[in-house]
Amino acid sequence: MTEAPRLVARDRPELILGDHGLCPGCGEPVALRILLEVLEELDIVRRSIGVVGHGCYGSFVQIMDVEVLQCLHGRAPSCATGIKRVRPGTVVFTMQGDGDMVNEGLQEVLHTAARGENVTCILLNNGVFGDTGGHQTATTVVGQRTKTSLDGRNPETHGYPIPVADLAASLAGVCYVARGAVSTAGGVARTKRMLRCAFEHQLAGHGFGLVEILTMCPTGWFVPAGSGPDYLTSSLEAAYPLGELPLRGHA
Amino acid sequence: MNGTVPARQLLDGCAAITESAIAAGCRFFAGYPMSPFTGLLENMSRRLPQVGGHCLNAESEIEAVNMALGAAAAGVRAATGSCGQGLALMQETIAELALNELPLVIVNMARNQQDYFQATRGGGWGDYRTITLAPKDVPEAVEHAQLLFHLADRYRAPVLLYGDPLIAQTHVSVDVAARDFGQLPAKDWALDGTSGGTGHSRQIWTWAMGKVSAPGPGPDRHWRAVAAKFEQIARDEARSETHQIDGAETVVVAFGSAGLFVEHVVDELRADGHRVGLFRPVTLWPFPGADLAVATRNASRVLVFELNAGQMLDDVRQFAHDRGVVRFIGGVSIHASGLSFGPLLDAAPIRSRILEATA
Amino acid sequence: MRDEVIITGIGGQGIQLMAKTLALAATRTGLHAMLASDFGGEMRGGPSQASVVVDDEQLRSLPILPAARSAVVMHHKHSAFALDRLVPGGLAVVNSSVADPAAIGDAEVVAIPAVDIARAADAPNAAGFVMLGAYVTLRQLVGVAALGDAMRELVPPYRAQHVAANLRALDAGAGAVLAE
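In this report, the structure presented in the accompanying data block is examined. This is a predicted model, so every value here is computed, not measured.

## Observations regarding the interface of chain C and chain B
Logical step 1: Contact residues are listed per partner, giving 22 residues for chain C and 20 residues for chain B.
Logical step 2: Between chain C and chain B lies a buried interface of about 1800 Å² when both sides are counted; carbon and sulfur atoms form 56% of it.
Logical step 3: A per-residue breakdown of the area chain C buries against chain B is headed by R60, L62 and I64 of chain C, which together make up 31% of the total.
Logical step 4: The salt bridge involving R60 of chain C is made with D137 of chain B; its shortest N-O contact spans 2.6 Å.
Logical step 5: Applying the counting rule to chain C against chain B returns 8 residue pairs in polar contact (both at pLDDT 80 or more).
Logical step 6: Elements supplying a minimum of two residues to the side of chain C that touches chain B: α1 (14-28) and β2 (32-39) of chain C.
Logical step 7: The greatest single-element share of the side of chain C that touches chain B, amounting to 7 residues, is contributed by β2 of chain C.
Logical step 8: Here the residues of the side of chain C that touches chain B sort into 12 nonpolar, 5 polar and 5 charged.
Logical step 9: The sheet contact formed by strand β8 (residues 171-174) of chain B and β2 of chain C spans 2 bridges and is antiparallel. By the bridge assignment for β2 of chain C, H171 of chain B is matched with L35 of chain C.

Here is the structure:
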């Protein structure tokens, strides 16, 4: 006898307290779900402190049943440093968009990585400042249209995107860097494993970990909601290859 | 040495403030080197690990204050600082601290008195104020440092010590004893992870909207409550000192090191028969306006002496009993190096300016 | 009993070390002290000055002294700050190997050929300590032994080889005063 089909889209961990208000097709809620599932599976919810930056995902502070410090744009890795240093028994993570981490907060994340702070930074990368209406960030890929690069990012006038995960992977003090995407079922599963791996490293005290999660932003990409995953695969994924990055900073 | 109080030592202001902070239980410090604040970072860097604390030489001032914010959010007595230029970078975060209701002691080891506006008007965003204490010398800085940790925790707010190069670099033999300012409530709002998954997990957010399962007051009620808190502080925490004020026809108003010099000059002038006294604001904010009004009630001249182009002057004009008798006798005066006070901060020129204004 | 002295000379660190040694020795012997310094931006060759106030009671002093009972002048250059603020008839101890004691006005001038004395004591870099030894002996502030202990505390480990010479210089300075 086969099981009756079950709609899993409505499943969510108990740690999610309510609905999100983000766009249809947004990848960020998927990232939140797998993050909270990992915290639950590792049984670290009662030791975890999240430092959340500014972006569409900022609204998650109201629906995630985890202790949270909402902080200034870009500064989450510094706040996380302060928390972890004085409460080393907690599990500290940041949740930041690409505008937050790679624009405003590029020096914060790189310094925190170089110092080998025992925290996990999570980058939700959709190549756009979604919350302000869809503007170019330091991770917008060449050719990508945004409200401040209407004809597509052009290297001559807009320069090139910054692969922050690669930069982090080049620093000693870093123990884990991985890039996943939530555009496919397989991608979701693999990204969840990356998150789990990163937190296990933190629990073992190995140093700094970064998990970059490519997320869909059909609104910011000017594509229909259902076309987000394909657009992600053809544009962002080409610029930001998925997988665990080799660490080049260690002796 | 595990937080025990050292015997009398010859300490410069940076070292003395460090000892005082440690006596108050400060166990986290982050800073970026910048003269004359650097000595505070160096002393903290050496002493905090000795007492089980943490000191980080941050890679920028913005990072330093945000690290300290994190430590404060986790419930630990924390501090940071810089000189005025570095404080300028920290302004957004100071506002964030105020609206998050997080306690933090911030030291402006300034290069001069030109940061009065920065300290008292603030350069962040939103409606907040910053309790600011301006010691006149190293011994007073030692008292103020501990008081500030108490005030920060009591009011859940960032607070400021306004120092200067003379305080930073003058060595004085001091005994730093721990002072008890009274009981404070436990920091049950501080993050430690333990309320995760309970439906009531702690949240620190300037918008204070809470969780959907436990809604917070939201930005309107929260920011109004914060503003009301600062109104209360303004009523309760103003501090000032007077020196030889009885029967003074001329009242000189000065803060910080300038206050120390004016005090000396006032003694000299009184000995020569001049009826002059000093009013010294100890809190720059809340400005002790009510006390100033009383002290200047019978003054025919109110002379403002500060090493800047006239900043505290605005507050004196607002609160002096007779605004019409207020005159400015200070000025910008900078050491050739750019890093300290110039020749105006000296007994002789101050005496001349007071006499000129009373001629 | 309260003493104020302004020490002036040319930088490096010699003036500052002299002043700090005096202030620390006073503190260690149970007195109260204040030490304030000013120096120019240059690492070498610029003005260097320090003020030390010592008292047996809790003292409150301006870090920039309007007037001082004593001056210690290592060099004629940059000496104006000390000499202008010396009270009339105050004590001026002058390094006569380099600076001309006759050029000093209304003061009780004591000439100490500190550089020569230092060389004779095989402590060629320690003219400042010669002057310091002389000064505390003239003012009866602290003993030379206390100065020696304070100096040992202050000299950084990478300069430890100078401690013995500095001690000789302190003694020689004190001796130069007692011999008169």
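## A short note on the packing of aromatic side chains
All names here are of chain B.
Logical step 1: Under the definition given, this model contains 9 aromatic pairs over all chains.
Logical step 2: Ring geometry for F29 versus F37: centroids 6.0 Å apart, planes at 25°, classification stacked.
Logical step 3: Geometrically, the ring pair formed by F230 and W285 is edge-to-face, given 6.3 Å between the ring centres and 70° between the ring planes. Pair noted here: F230 is in helix α8 (residues 218-236) and W285 is in strand β15 (residues 283-285), with a separation of 55 residues, a long-range link. Like F230, the residue W285 is buried in the burial classification.
Logical step 4: Following the ring pairs from residue to residue traces out a cluster consisting of Y116, Y162 and F255.
Logical step 5: The ring centre of F230 lies 5.5 Å from the NZ or CZ of K229, which sits over that ring.

## With respect to the nonpolar core
Logical step 1: Core analysis: the largest hydrophobic core is formed by 142 residues, its most contacted members being V51, L69 and L210 of chain A together with F28, F29 and V316 of chain B.
Logical step 2: Per-element tally for this core: the top contributor is helix α6 (residues 138-155) of chain B, with 10 residues.
Logical step 3: Within the second largest apolar cluster, 51 residues are counted, among which are L31, V52, A114 and A174 of chain C.

## Things to note about the packing of helix α1 (residues 28-41) of chain A against helix α7 (residues 185-203) of chain A
When two helices pack together, their arrangement is captured by the angle between the axes and the distance separating the axes.
Residues and elements named next belong to chain A.
Logical step 1: Here α1 crosses α7 at 45°, and the two axes come no closer than 9 Å. It follows that α1 is oblique to α7 by the angle criterion. The element α1 and its partner α7 pack so that their crossing is right-handed. Contact residues: α1 offers V30, I34, L35, E37, V38, L39 and E41, while α7 offers V188, T191, K192, L195, R196 and F199.
Logical step 2: Considered class by class, the residues forming the contact of α1 with α7 number 8 nonpolar, 1 polar and 4 charged.

## Side note on empty space enclosed by the protein
One way to see where empty space is left: roll a probe the size of a water molecule over the atoms.
Logical step 1: Summed over all chains, the structure comprises 6 cavities of 30 Å³ or more.
Logical step 2: Counted as a void, the largest cavity has a volume near 130 Å³.
Logical step 3: Along its surface, the largest cavity is lined by 15 residues, and D137, V138, V172 and L260 of chain B together with S61 of chain C are the ones closest to its centre.
Logical step 4: Looking at the lining of the largest cavity, the elements with two or more residues in it are α6, α7 (165-169) and α9 (256-271) of chain B.
Logical step 5: Per-class residue counts for the lining of the largest cavity are 9 nonpolar, 3 polar and 3 charged.

Rules used throughout
Residues numbered from 1 in each chain as written. Chains lettered and ligands numbered in written order. Predicted model: local features only at pLDDT ≥ 70, side-chain atom pairs only at ≥ 80, totals over all residues. Heavy atoms only, no water. Contact = heavy atoms within 4.5 Å. Buried area = accessible area lost by both parts, 1.4 Å probe. Salt bridge = Lys/Arg side-chain N within 4 Å of Asp/Glu carboxyl O. Polar contact = N/O pair within 3.5 Å; in protein donor to acceptor, adjacent residues only side chain to side chain. Helix = DSSP H or I, 4+ residues; strand = E, 2+ residues; numbered from the N terminus. Nonpolar A, V, L, I, M, F, W, Y, C, P; charged D, E, K, R; others polar. Pairing = 2+ DSSP bridges. Phe/Tyr/Trp six-rings, centres within 6.5 Å; stacked < 30°, edge-to-face > 60°. Buried < 20%, exposed > 50% of the residue type's maximum accessible area, 1.4 Å probe, protein only. Lys NZ or Arg CZ within 6 Å of the ring centre and 35° of its normal. Core = buried A, V, L, I, M, F, W, Y, C linked by side-chain atoms within 4.5 Å. Axes fitted to C-alpha atoms, helices over the stretch in contact; angles between N-to-C directions. Parallel < 35°, antiparallel > 145°, perpendicular 65-115°, else oblique. Left-handed = near helix turned anticlockwise from the far one by under 90°. 1 Å grid on protein atoms, 1.4 Å probe; cavity = no way out; pocket = protein on both sides within 12 Å on 5 of 7 lines; lining within 4 Å. Points joined across faces, edges and corners; volume = space filled by probe spheres on them.

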